Amino acid sequence: MFQPASLKGDSPTPIDERLRNKYLILYFIIIILSFMPCVLFEWIYAIFLWKEGIYLIFIFLFPFNILILIHLLQISAILFSILFLTILKLIYPPKEGIFNRNIKDKDYFYWNLRNIVKKWPLFINSSNPFPWLKNRFTLRFFGVKIGSNGIHDNSWISSEFVSIGKNVIIGMNSNILSFGIEQDKFILKKIIVEDDVLIGAKCVLLPGTHIKRNVKLSAHSYTKFNQILQENSTYLGHPAKLREK
Amino acid sequence: METKDIPKFKVEFISTSGVYKTPFTLIVILQFLVGCLLIIIINMWYYNDLYYLLTGNQFLPFLLIGQWWEWFLLPMNIYGNLLLFAFSIILFSAVIFKILNKIHPPEEGVFERGSKEWKYTHRRFWTAYFPIWLARSLPLPWSDIFVYRFLGVHVGRNVVAYEGYIDPELIEIGDYTMTSLNICIFSHLIYQERIFIKNVKIGKACIVGPHTIISPGTILQDGAVLGVNSYTWINQNLEGDLIHVGIPVNITLPIQSVEDSQKKAERIKTESKKNTDFND
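Take the overall build of chain A next. Scanning chain A from N- to C-terminus turns up six helices and 16 strands. Taken over the C-alpha atoms alone, chain A extends approximately 75 × 45 × 30 Å along its principal axes. Summarising the internal contacts of chain A: among those between residues at least 6 apart in sequence, 46% fall at separations of at least 24. Carbon and sulfur atoms provide 64% of the accessible area of chain A, an area that totals close to 11200 Å².

Structural data, given as structure tokens:
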């Protein structure tokens, strides 16, 4: 939907400042690589169509050129970041648990590196002008299981340890966080959202939340760590409590 | 005035979100191409002139001026292209929006999935998507209010409604109202298989605080203030000249008027004078 910048589903990826400055080069490499196919495409377009006699064709196909360019940039950004992501995952596979928030901690370190790699495709896809190929499209490439026939693009969803079922509606500006930072501890835990769930606007799901089938979570509420919401019920409040009929 | 009878709809919770993607979403491409048309025609003429000035050749055999001062139009051309693109799209999609409104005017009530109303609200939302997106990304702060007025939303004078989500139909915003960051004003509410649509009225000189949700059917009377981080239930009526807070709204607080604060200031002054006298 037509959100302003403050409601955009772009990822404010939390990257440790100490690591961000060191590994900035990784970020730039992905940006430059993802522009390469676009440059190639434009070059071919100019060479084949900027000729005497067919200038008008060049001009009138230009809008289509821009349409293709936007989508090409999105897809190449995803593919190049996946390339780096698989390498990182081979070096150190991601796992759930409670870790120390310290650069020397390997889990925390590699989680930050993965975020640096994912930042550019998430940004470019959430800020594209069209209503398709938004966050859901990107997240599916990163291995988040998201079912069909739902509304997901208005919210911010973590890019790993999340699985979302079919017919799920996630309200505007909701956050699904599979990571948490508590004092000097760093938590990674999987969030499971089953089929037919409805999550209201401005909800926050904390790591470990398990929402079972046909649950309705009212707007402006949040769940606790490791909270389990039972089937066919309505939840509401800070933190979410069962609403009795 | 009594509102139209709506079949009873038991509300246990508020869920407000966007709308589903339908094949009608592809209208964005049509809007994009229509927006490009005018730009192509103007730029074709302009860049032909620049090409002539650079190389001495021209790729179009007509409409040549070829004067040196045309270089000075280049900055204006870049900014003008942006504005031209946006405003031609806004005009075009406002026309489509009006036509859809004529075919099936928006109604209040509860509707099943797949009904005519469901389809047409989705269609109207997706026609409104691209012009509002563009207006929000333009460097003009009032451009999105301009678009909402074009689409038929009643927005009064001197309204601040910049950084928030507002539905493009069945909403009235009075004069001098301010809406803050990160707000959502909804006139529709999607349950799994049903859609609930009702008018939202925001009166004159209201203030809607940051991080709030206004649900369908809410009425904010003149001078009401909705506090930070609160949301309204369906069909809630907030009285004027009061502060309303709560999740959902359940607490009302008085607004201190200017006279009250002047009295307070005078009282503090006299008290401090007494204190200083005492100290001397």
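Between chain B and chain A, the residue contacts involve 53 residues of the former and 51 residues of the latter. The interface formed by chain B and chain A contains one salt bridge. Measuring nitrogen to oxygen at the nearest pair gives 2.6 Å for the salt bridge that ties D153 of chain A to K21 of chain B. Here chain B is connected to chain A by nine residue pairs in polar contact (both at pLDDT 80 or more). Those elements giving two or more residues to the side of chain B that touches chain A turn out to be α1 (27-55), α3 (116-137), β3 (164-166) and β6 (183-185) of chain B.

Below, the discussion takes up the pairing of strand β1 (residues 109-112) of chain B. For a regular strand, side chains alternate in direction, first toward one face of the sheet and then toward the other. Residue and element names in this part refer to chain B. In β1, alternate side chains face the same way, and those of G109 and F111 are buried while those of V110 and E112 on the opposite face are not. As paired strands, β1 and strand β8 (residues 194-197) are joined by four bridges and run antiparallel to one another. When the sheet's bridge partners are listed, F111 is paired in β8 with I195.

All names here are of chain B. Within the secondary structure, Y176 is located in the loop between β4 (171-173) and β5 (178-179). On a C-alpha basis, the gap between Y176 and F111 in space is 34 Å, while along the polypeptide they are 65 residues apart. Those residues in contact with Y176, other than ones at most four positions away along the chain, are R157, N158, V159, A205 and C206.

For the bond from H238 of chain A to P239 of chain A, the omega torsion is -10°, close enough to zero to count as cis. Position of P239 of chain A relative to the elements: it lies in the loop between β15 (234-236) and β16 (241-242). Going from I247 of chain B to P248 of chain B, the amide bond is cis rather than trans, its omega being -10°. In this structure, P248 of chain B sits in the loop between β15 (242-246) and β16 (249-254). Phi is positive for Q183 of chain A, which is not a glycine, with a value near 50°. Residue position: Q183 of chain A is located in the loop between β7 (179-182) and β8 (185-188). Residue classification places Q183 of chain A among the exposed residues on the basis of a relative accessible area of 71%. Positive phi is not limited to glycine here, since D196 of chain A has a value of about 55°. With respect to the helices, strands and loops of the structure, D196 of chain A is situated in the loop between β9 (191-193) and β10 (198-199).

So, on to the pairing of β8 of chain B. Residue and element names in this part refer to chain B. The pairing of strand β7 (residues 188-190) with β8 spans three bridges and is classified as antiparallel. Residue pairing across strands places I190 opposite I195, the latter belonging to β8. Linkage of β7 to β8, two consecutive antiparallel strands, is achieved through a turn of three residues.

Turning our eyes to something else, we now look at the side chain of S230 of chain B. If you trace the backbone, S230 of chain B turns up in the loop between β13 (225-226) and β14 (237-238). Separated by 2.8 Å, the side chain of S230 of chain B and the backbone oxygen of G227 of chain B make a polar contact. Dropping the residues within four chain positions of it, S230 of chain B is found in contact with H220 of chain A together with H211, T212, I213, H244, V245, G246, I247 and V249 of chain B.

What counts and how
- Residues numbered from 1 in each chain as written.
- Chains lettered and ligands numbered in written order.
- Predicted model: local features only at pLDDT ≥ 70, side-chain atom pairs only at ≥ 80, totals over all residues.
- Heavy atoms only, no water.
- Helix = DSSP H or I, 4+ residues; strand = E, 2+ residues; numbered from the N terminus.
- Contact = heavy atoms within 4.5 Å.
- Areas by Shrake-Rupley, 256 points an atom, 1.4 Å probe, with all protein chains shown as cover.
- Salt bridge = Lys/Arg side-chain N within 4 Å of Asp/Glu carboxyl O.
- Polar contact = N/O pair within 3.5 Å; in protein donor to acceptor, adjacent residues only side chain to side chain.
- Buried < 20%, exposed > 50% of the residue type's maximum accessible area, 1.4 Å probe, protein only.
- Pairing = 2+ DSSP bridges.

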